[in-house]
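# Observations on chain architecture
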Amino acid sequence: MTRLRLPGLVDVHTHMRDPGQTHKEDWSTGTAAALAGGFTTVLAMPNTNPPVVDRRTLDGALAAAAAGARCDYGQYVGATETNAGEAAALAPEAAGLKMYLDSTFGELRLPEPAAWSRHLEAWPEDRPVAVHAEGSTLEAVLLMATRLERPIHVCHLSTEQEVLLVIEARERGLAVTCEVTPHHLFLDASDATRMGGPAAVRPPLATAADREALWRHLADIDCFATDHAPHTWAEKTSDTPPPGFPGLETVVALLLGAVDEGRLAIDDLVLRLHDNPMRIFGLPDQADTVVEVDTAETWTVHGPDLHTRAAWSPFEGRRLLGRVIGVTLRGVEVYREGEVLAAPGFGRKARAKEPE
Ligand code: NCD
Ligand code: ZN
């Protein structure tokens, strides 16, 4: 049997660039890429232009999503120095709060720990707070969350040190969940050297030892998240390449390859791309939804064949084993063998469940 049926996968960390930078991606192209990759729900990050930080900008992003999305979606609200109260009031409509504690693409940034604590105290405890925090910044925010007894979700762990910090925080009693990206699992500093400027990504590709540590500590990792961060190839090869990789369309095949190599079980994949994301983000079940994969099909990554508007991949030229063949969402066939069948606007906002 080379055909498997998986539940609708959830990407808890996607950048849609809509509104504001739709030459990189928009809701229609980004969710076409999601469906082709086996995702039926994406949670969109707030570092759009304008960033999603208040009522007006959340309404704008949700209107763009309602018109363009081909799969289901949620939208994060971004934390600023001044919006703790206003952001918290939007929590019932948001996928979560995103706090950028280290610099990355876009203007959202929260350098002052005083602002971290304002947000950690104001945001409803039963709704997720996701942090971008690397190295010593991660150590600092985990200490603060522990002191405030505030559950927290850590985005894109990339080093052994960061994994150990999460494990220590759990041992101190903090409810902390975490994600790793496919590029930190399947690429490292040697690939960055080979790729040159386009290898720019936050957090940066780490050492081979760090990459192996992520695999060794997989039991402590709750989610795989793509951090799909599309930029055009012209931007990536410019003198000032913006950080970020497209990732929605390659992650399932990369992980199925790891299953074939005996590094992962299918259940590990489903746990981290469906069960845990659903639980952590309180997402509702999608009835009559299934993702069919062929674990025997081989294919070669070629940027222009992808659905993302970015049309390139950090895995360009890699031969992958396993492929998403078809997707049915809420009883409707939305993807079949390369063709996205769902129209823009088919996607629905994934309404967070009432906390149990
Ligand atoms: C992301 C982007 O381009 O929006 N870039 C990245 O390198 N990951 C921002 C982010 O998630 O840090
Ligand atoms: Zn990101």
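For the structure itself, consult the block above.
Residues numbered from 1 in each chain as written. Chains lettered and ligands numbered in written order. Predicted model: local features only at pLDDT ≥ 70, side-chain atom pairs only at ≥ 80, totals over all residues. Heavy atoms only, no water.

### Let's talk about the overall build of the protein chain
Along the backbone of the protein chain there are twelve helices and 14 strands. Against the compact-globule benchmark of 21 Å for 356 residues, the protein chain has a radius of gyration of 19 Å, which places it among compact chains. Taken along the three principal axes of its C-alpha coordinates, the protein chain extends 50 × 45 × 45 Å. Relative to its 356 residues, the protein chain shows a buried fraction of 61%. When contacts within the protein chain are restricted to residue pairs at least 6 apart in sequence, long-range pairs at least 24 apart make up 75% of them. Approximately 13,300 Å² of the protein chain is accessible, and the part contributed by carbon and sulfur atoms is 50%. Side chains of the protein chain give 33 positive and 51 negative charges; the mean places of these two sets differ by 2 Å. (Helix = DSSP H or I, 4+ residues; strand = E, 2+ residues; numbered from the N terminus. Rg over C-alpha atoms; globule rule 2.2 N^0.38 Å. Buried < 20%, exposed > 50% of the residue type's maximum accessible area, 1.4 Å probe, protein only. Contact = heavy atoms within 4.5 Å. Areas by Shrake-Rupley, 256 points an atom, 1.4 Å probe, with all protein chains shown as cover. Lys, Arg positive; Asp, Glu negative; His and termini not counted. Charge placed at Lys NZ, Arg CZ, Asp CG, Glu CD.)

### Quick look at the site of ligand 1
The environment of ligand 1 is made up of 14 residues, and the closest members are R17, N47, T104, R202 and D227. Contacts to ligand 1 include H15, whose side-chain N or O atom sits 3.1 Å from an oxygen atom. Contact with the protein chains removes 100% of the 310 Å² of surface that ligand 1 exposes when unbound. Residues that form the shell around ligand 1 fall into these classes: four nonpolar, seven polar and three charged. (Near = heavy atom within 4 Å. Polar contact = N/O pair within 3.5 Å; in protein donor to acceptor, adjacent residues only side chain to side chain. Nonpolar A, V, L, I, M, F, W, Y, C, P; charged D, E, K, R; others polar.)

### Remarks on helix α4 (residues 113-122)
Think of an α-helix as turning once every 3.6 residues; residues three or four places apart then point the same way. Residues A115, W116, S117, H119 and L120 constitute the buried set of α4. Elements in contact with the buried residues of α4: α3 (84-89), β6 (97-100), β7 (129-132), α5 (136-148) and β8 (152-154).

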